[in-house]
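In case you want the letters, here they are:
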Amino acid sequence: MRYETIHKLQIPKIGFGTWSFGGTTVEDRSSDAESLSALRSALDLGYIHFDTAESYSAGHSEELLGQAVRQSGVPREKLFITTKVSPEHLQFDDVLRSCEGSLRRLGMDYVDLYLIHWPRVGMKLPETFRALNQLVREGKVRHIGVSNFNLKQLKQSVALCDTPLLTNQVSYSIPDRTIVKNGVLEYCQQNNVLVTAYSPVKRRNVKSNAALSAIAAARGASPQQIALAWLITQPRVIAIPMSHNPQHQAENLAAGDMLLTEVEMEQLDQSISRV
Ligand SMILES: NC(=O)c1ccc[n+]([C@@H]2O[C@H](COP(=O)([O-])OP(=O)(O)OC[C@H]3O[C@@H](n4cnc5c(N)ncnc54)[C@H](OP(=O)(O)O)[C@@H]3O)[C@@H](O)[C@H]2O)c1
């Protein structure tokens, strides 16, 4: 596994997403056994970074993740746990309450990374960061980040964060280059902010991109692995694919060792994905 070394931290290039574990927007306990088994499989395979949110299955994703970690016996300090505060909870007291809720559901006394999940029209970032900075001082949060922030919101966050802002978690994949066009990628790379790419392999057109298929065939890899490799070959970019399937989990983790050549990167940069 390759790592990003940033602000004295080593973060694996590939982490694990948990959207849809325990439900979607509402809690659904009917597949808890399968979800726990998939999370245990990810822990056993050696995933270290797990991404969840208070909104995922109304908090049940956090509960399942905490349960899986305890069952696995992997020491807490070996893991890197990210969770997120929802946009409707960005006022000072609400941020503190949300964090307490996440810690309780995870059964942990700190999270490694706490993100503002989405920006909200009219949000008062100075107030939100006052609470986030306090959580860091109290030791409940190790690092702060944001998610789905545009360049202006990101720069404002960097200025308001008492510690180096660790990441902007955004949609980034071969078919979705919004962060290239809006300047977020370049800003992050120039200012030591990680880009955490979400939904990196989800798109159906991962499978119908000629360059992707050709590189995958030539390397004896899957298109999803090459899609991940395209992301993590880029400096300051990590990815958090989600999978319930142990074989896919292993494949995605193995992509963490891949480094594409300049020619392959260029071919994928120029490629067109057909839906
Ligand atoms: N901050 C935000 O607003 C935000 C938004 C979206 C997502 N996220 C985070 O990012 C994580 C990942 O994004 P995502 O869940 O939207 O999409 P994703 O990880 O790109 O795609 C997940 C889908 O791809 C399949 N898959 C995964 N690996 C595969 C492989 N090697 N071969 C074939 N199929 C594969 C999975 O099916 P199987 O289960 O069958 O493998 C699943 O259907 C989320 O779980 C969440 O933690 C954050």
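Everything below is about the structure printed above this text.
In this report, the structure presented in the accompanying data block is examined. (Residues numbered from 1 in each chain as written. Predicted model: local features only at pLDDT ≥ 70, side-chain atom pairs only at ≥ 80, totals over all residues. Heavy atoms only, no water.)

**Some thoughts on the pattern of salt bridges**
Here is step 1: Under the counting rule described, the total for this entry stands at 14 salt bridges.
Here is step 2: Taking the shortest distance from any N to any O, the salt bridge between Arg-29 and Glu-27 comes out at 2.5 Å.
Here is step 3: Ionic contacts of the salt-bridge type, sharing partners, join the residues Glu-27, Arg-29, Asp-32 and Glu-63 into one network. (Salt bridge = Lys/Arg side-chain N within 4 Å of Asp/Glu carboxyl O.)

**Things to note about the site of the ligand**
Here is step 1: Inspection of the region around the ligand gives 26 residues, with Asp-51, Val-201, Met-242, Ser-243 and His-248 positioned closest.
Here is step 2: One nitrogen or oxygen atom from the side chain of Gln-169 is found 2.9 Å from a nitrogen atom belonging to the ligand.
Here is step 3: The side chain of His-248 places a nitrogen or oxygen atom 2.6 Å from an oxygen atom of the ligand.
Here is step 4: Protein contacts shield 83% of the accessible area of the ligand, which totals 890 Å² for the unbound molecule.
Here is step 5: It is helix H10 (residues 246-254) that contributes the most residues to the shell around the ligand, three residues altogether.
Here is step 6: For the shell around the ligand, the class distribution of residues is nine nonpolar, 13 polar and four charged. (Near = heavy atom within 4 Å. Polar contact = N/O pair within 3.5 Å; in protein donor to acceptor, adjacent residues only side chain to side chain. Areas by Shrake-Rupley, 256 points an atom, 1.4 Å probe, with all protein chains shown as cover. Helix = DSSP H or I, 4+ residues; strand = E, 2+ residues; numbered from the N terminus. Nonpolar A, V, L, I, M, F, W, Y, C, P; charged D, E, K, R; others polar.)

**Observations concerning the sheet that holds strand E4 (residues 49-51)**
Here is step 1: Read across the sheet, eight strands follow the order E3-E4-E5-E6-E7-E8-E9-E10 without closing on themselves; strand pairing throughout is parallel. In the strand order of this sheet, the two ends are held by strand E3 (16-17) and strand E10 (237-239), each with one partner.
Here is step 2: In this structure, strand E9 (residues 194-198) lies alongside E10, joined through three bridges in parallel fashion. For Val-195, the partnering residue across the bridge sits in E10 and is Val-237. (Pairing = 2+ DSSP bridges.)

**Structural notes on the state of the cysteines**
Here is step 1: One pass over the structure, following the stated rule, counts zero disulfides.
Here is step 2: Distance from the sulfur of Cys-99, which forms no disulfide, to the nearest cysteine sulfur (Cys-161) is 14 Å.
Here is step 3: Among the cysteines around Cys-161, which has no disulfide bond, Cys-188 carries the closest sulfur, lying 13 Å off.
Here is step 4: In this structure Cys-161 comes out as buried when scored by relative accessible area, which is 8%. (Disulfide = S-S within 2.5 Å. Buried < 20%, exposed > 50% of the residue type's maximum accessible area, 1.4 Å probe, protein only.)

**What to know about helix H4 (residues 125-137)**
Here is step 1: Look at H4: 18 Å from first C-alpha to last across 13 residues, which is about the 18 Å you get at 1.5 Å a residue.
Here is step 2: Considering only its buried residues, H4 is in contact with helix H3 (92-106), strand E6 (111-116), strand E7 (141-147) and helix H5 (151-160).
Here is step 3: Looking one or two residues beyond H4, the residue adopting positive phi is Gly-139, at roughly 80 degrees. (Expected span 1.5 Å × (residues − 1). Contact = heavy atoms within 4.5 Å.)

**Topic: the environment of Glu-62**
Here is step 1: Turning to its location among the elements, Glu-62 is positioned in helix H2 (residues 60-72).
Here is step 2: Overall, the relative accessible area of 0% leaves Glu-62 in the buried class.
Here is step 3: A sequence separation of 11 residues divides Glu-62 from Asp-51, and the C-alpha atoms of the two residues are 9.2 Å apart.
Here is step 4: Among all residues touching Glu-62, those that are not within four sequence positions of it are Thr-52, Ala-53, Glu-54, Thr-83, Ser-102, Arg-105 and Leu-106.

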